[in-house]
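Coordinate analysis (summary)
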Amino acid sequence: MTTDAPSRLEGAAAGLVSGALAVGVGMLVAAITDVVSPIDAVGSEVIDRAPLWLKELAIRWFGTDDKLALRIGIITLLAVAAAALGMAARRRAWIGWTGFGVFGLIGALAAAHRPGESVGAAVPSVLGALVGGWVLQRALRPRPIEVPGPSQVPLGWDRRRFLVTGGATAVAAAAAAGVATALEGKRVDDLREAAAAPLPSASPTGLVNEIPSGATVDPSIPFITPTGDFYRIDTALSFPRVDLKKWRVDIKGMVDTPLSFSYDELLAMPQEERVVTLCCVSNEVGGEYVGNAVWQGVMLRDVLDRAGVQPGAEQVFSTSLDGWTCGFPVEAALDGRDAMLVVGMNGSTLPLEHGYPVRLVVPGLYGYVSATKWLEKIELTTWDRQGYWVPRGWSRLGPIKTQSRIDVPRANAKVAAGPQKIAGVAWAQHTGILSVEVRVDDGEWQQARLATDVSDDAWRQWVLDWDAPAGEHRITVRATDKTGATQTEDRAPVAPDGATGWHAIRVKVS
Ligand SMILES: Nc1nc2c(c(=O)[nH]1)N[C@H]1C(S)=C(S)[C@@H](COP(=O)(O)O)O[C@H]1N2
Ligand SMILES: [Mo]
C-alpha cells in the first residue's frame, strides 16, 4: 500500500512516537550515566524560575501534588509540540530537525545547569534529540519501494512499513522509559537502604522512649508525629545524588578556621537529642504543615565555636546538595537555642525525604529560612546573600508565629450530645506555650487543660471537657505564649512571613 505522502494525522503520529523515543532515550542515558534526567532538569528549572503568581496558582490548584502536575504539564507540552513538528516535517524535514534540536538544547542546558551536575549531564538530551530527529525524518521520508516483480515504483511512501516502524518506535520508547524508571527507582532504593543503617547512640534508649505520657491528652493526636506522617515540603523533583563516601559538610565564610566534616566524623561527635516542632511558613491557620519529632545530631553552636565566627558575620547561610539555599541570623545559632546538624529523626537515621544524610533544624524559625535538607555547606556571611525564597517574595526573617489548632473533634464532624472533649495542639517554638483558651459560639473563653510541658521548642497539647448541647456550634481556639502575648485574631495570609488568626471549626451535635 503506497501513497505519495503521509497524511497530517500520520505526520502527527510520527512526531509523537519520535518525541517519545527522544524522551525515553534521554531518560535511559541519564539513568545509566547517573545524571539528572532531562525532564526533571527542565522541571527543576521551571520551579526555580517560575514567577510568584504561577507558584501560588500551582499550590492553590494542586497543593502538594504540584510536582506531579508539573511533570504532566511538561510531558503534555512536549507531546503537543512533537505532534505539530511531525505534521510540519512532512514537507520540510528541516523543521523536524530544528524542533528536536531546540528541545534537546533546552534539556541539555537545563541539565548542565543543575547544581551538582556538569556538562556530562547535557549528553542524554543531545542523544535523545538526535535519535528522535533521525527517526522522525526517516519515518516521513519517501523511499524506493520494493514490489514483487521486475518493475520498481521509483519513490513513494510506504504506509504499511510506517505502521510497523511507528509501532516499533513506540515500543522502544516505552521500554527505554521503563528501564530508566526502574534504574532511578533502584538508585532511590539504594539511598533508602543506606539511610536505613542504624545510627550510633540513637534511641531505643534515647529521648524517643522517654517522652512523658502526660505530653498526650488524647490517643488520636500523637505528641511525636510518626515519621511517615510528617509533612514534606521542598522544591526537589528527584532526590539529590548523595554519595556518602564523598559527602562532606563545609563550614566556611567569615570564620577563623574553615571546617569540613565527613558523615562518620559527624557521627563520632557527641550526639544529642531534642524534641523540636518544625513548621512551614506556608501552613495555613489550622493546617497540616507542622510536625513534632525527636531530632538527633550535633549542636550547631559547638561547630561554630570551633570554627570561630568572625565579627561582622550576620547570617548563617546554608546550601543543599540540590542547590536550595536559606539563611538565618547568626544570633539564632549562638543565643543558646538548640540549632542542630541533624542525622537522626525519631530514633532512626534521617530519612531521604527529610534530608538524609544531614539537615539543619533551628527551633523557632520556619523551615524556609533554616531547615536545609541534604545539607552541603554552611557559610557565615552578611545579609547580602539571599536564600532561595527571599527574592521570591518571602520575608528575610522567619520567626515562627504562635499558633493553635483544634484536632478533636474534626472540622464539620457530627458528635453526640453530652460529654465531649475538645483537644488539639499549640506551638510557640522557643518561647513556649503558657495557656490555651477555647470558646464555643459566642460564649466565654475557657481555659483548656495543658499537657505536660516537654520543651519550649515543641508543641503542647491541650484539652477541654465540653458538655455538648444539640445544634450547630462553632469552636475557636487561641494560645498565649510564655511572654504573655496572645495570638492575634487578625487574619494574615501565609506570605510573606506566616499566617495569623484563630483556628475555628464547626461541628454538628445531635
Ligand atoms: N534542600 C531543601 N531543604 C529544604 C527545603 C527545600 O525546598 N529544599 N524546604 C524547606 C522548607 S520550606 C521546610 S518547611 C522544611 C520542611 O522539612 P520537611 O520536609 O522535613 O518537613 O524543609 C526546608 N528545607
Ligand atoms: Mo516551608
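Notes on the structure in this doc start here.

The rules behind each value
Residues numbered from 1 in each chain as written. Chains lettered and ligands numbered in written order. Predicted model: local features only at pLDDT ≥ 70, side-chain atom pairs only at ≥ 80, totals over all residues. Heavy atoms only, no water. Helix = DSSP H or I, 4+ residues; strand = E, 2+ residues; numbered from the N terminus. Buried < 20%, exposed > 50% of the residue type's maximum accessible area, 1.4 Å probe, protein only. Contact = heavy atoms within 4.5 Å. Areas by Shrake-Rupley, 256 points an atom, 1.4 Å probe, with all protein chains shown as cover. Lys, Arg positive; Asp, Glu negative; His and termini not counted. Charge placed at Lys NZ, Arg CZ, Asp CG, Glu CD. Phe/Tyr/Trp six-rings, centres within 6.5 Å; stacked < 30°, edge-to-face > 60°. Near = heavy atom within 4 Å. Polar contact = N/O pair within 3.5 Å; in protein donor to acceptor, adjacent residues only side chain to side chain. Pairing = 2+ DSSP bridges. Axes fitted to C-alpha atoms, helices over the stretch in contact; angles between N-to-C directions. Parallel < 35°, antiparallel > 145°, perpendicular 65-115°, else oblique. Nonpolar A, V, L, I, M, F, W, Y, C, P; charged D, E, K, R; others polar. Salt bridge = Lys/Arg side-chain N within 4 Å of Asp/Glu carboxyl O. 1 Å grid on protein atoms, 1.4 Å probe; cavity = no way out; pocket = protein on both sides within 12 Å on 5 of 7 lines; lining within 4 Å. Points joined across faces, edges and corners; volume = space filled by probe spheres on them. Expected span 1.5 Å × (residues − 1).

Next up on the list: the overall build of the protein chain. Counting its regular elements, the protein chain contains eleven helices and 22 strands. If one aligns the C-alpha atoms of the protein chain with their principal axes, the spans along those axes are about 100 × 65 × 40 Å. Going through the 510 residues of the protein chain one by one, you find that 51% of them count as buried. Residue pairs at least 24 apart in sequence account for 74% of intrachain contacts in the protein chain once pairs closer than 6 positions are excluded. Entry remark: accessible area of the protein chain is about 23,300 Å², with carbon and sulfur atoms responsible for 59%. Both charge centroids of the protein chain, one from 49 positive and one from 55 negative side chains, sit 9 Å from each other.

Turning next to the packing of aromatic side chains. This model, assessed by the stated rule, comprises 14 aromatic pairs. For the ring pair Trp157 and Phe162, a centre distance of 4.8 Å and an interplane angle of 45° mean the geometry is tilted. A residue is classified by how much of its surface remains accessible, and Phe162, at 9% relative accessible area, is buried. Ring geometry for Tyr263 against Tyr356: centres 6.2 Å apart, planes inclined by 70°, an arrangement best described as edge-to-face. Taken together, the residues Tyr263 in helix H8 (residues 263–268) and Tyr356 in the loop between strand S11 (348–349) and strand S12 (359–361) connect sequence positions 93 residues apart. The two residues Tyr263 and Tyr356 agree in class, both being buried. Here a set of aromatic residues connected by ring pairs shows up, and it is made of Tyr366, Tyr368, Tyr388, Trp389 and Trp394.

Taken together, 19 residues are adjacent to ligand 1, and Tyr231, Thr235, His354, Arg359 and Lys373 come closest. Contacts to ligand 1 include Asp322, whose side-chain N or O atom sits 3.4 Å from a nitrogen atom. At a separation of 3.0 Å, a nitrogen atom of ligand 1 approaches a polar backbone atom of Ala371. About the coverage of ligand 1: the protein hides 98% of its 530 Å² of free accessible area.

Taking strand neighbours across the sheet as the criterion, the four strands line up as S14-S16-S20-S19 in an open arrangement whose pairing is antiparallel. With one partner strand each, in any of the chains shown, strand S14 (403–408) and strand S19 (449–450) form the two edges of the open sheet.

Let's shift gears to the packing of helix H2 (residues 38–49) against helix H5 (residues 93–113). At a minimum axis separation of 8 Å, H2 and H5 run at an interaxial angle of 70°. Relative to H5, the element H2 lies roughly perpendicular. Together, Ala41, Val42, Glu45 and Arg49 of H2 and Ile106, Gly107, Ala110, Ala111 and His113 of H5 make up the contact between the two elements. Across the contact of H2 with H5, the residue classes break down as five nonpolar, two polar and two charged.

A few words now on the pattern of salt bridges. Inspection of the entire model under this criterion finds 27 salt bridges. Between Arg460 and Asp453 there is a salt bridge; the shortest N-O distance is 3.6 Å. Residues joined in a network through salt bridges with shared partners are Asp34, Glu117, Glu184, Arg187 and Arg241.

Mapping Gly104 onto the fold places it in helix H5. Separated by 20 residues in the primary sequence, Gly104 and Pro124 place their C-alpha atoms 8.7 Å from one another. Discounting chain neighbours no more than four positions away, the residues touching Gly104 are Ser125 and Ala129.

This paragraph deals with empty space enclosed by the protein. The tally for this structure, following the rule as stated, stands at two cavities of 30 Å³ or more. Forming the walls of the largest cavity are Cys279, Cys280, Val281, Asn283, Glu284, Val285, Tyr366, Lys401, Gln403, Trp427, Gly498 and Ala499. Partitioning the lining of the largest cavity into residue classes produces seven nonpolar, three polar and two charged. By volume, the second largest cavity is sized at about 40 Å³. Together, Gln315, Cys326, Gly327, Tyr368, Val369, Gly387, Tyr388, Trp389, Val390 and Arg396 line the second largest cavity. Those elements giving two or more residues to the lining of the second largest cavity turn out to be strand S9 (325–329) and helix H11 (367–370). Residue classes in the lining of the second largest cavity are distributed as six nonpolar, three polar and one charged.

A few words now on the environment of Ala41. As for its placement among the helices and strands, Ala41 is situated in helix H2. Residues Ala41 and Arg114, 73 residues apart in the sequence, show an inter-C-alpha distance of 6.7 Å. Contacts of Ala41, omitting those with residues within four sequence positions, involve Val36, Ala110, Ala111 and Arg114.

This part covers H5. Given a rise of 1.5 Å per residue, 21 residues ought to cover 30 Å, and the 30 Å separating the end C-alpha atoms of H5 matches this to within 8%. Buried residues of H5: Gly96, Gly99, Phe100, Gly104, Gly107, Ala108, Ala110 and Ala111, and no others. The inward-facing, buried residues of H5 abut helix H1 (8–33), H2, helix H4 (66–89) and helix H6 (123–140).

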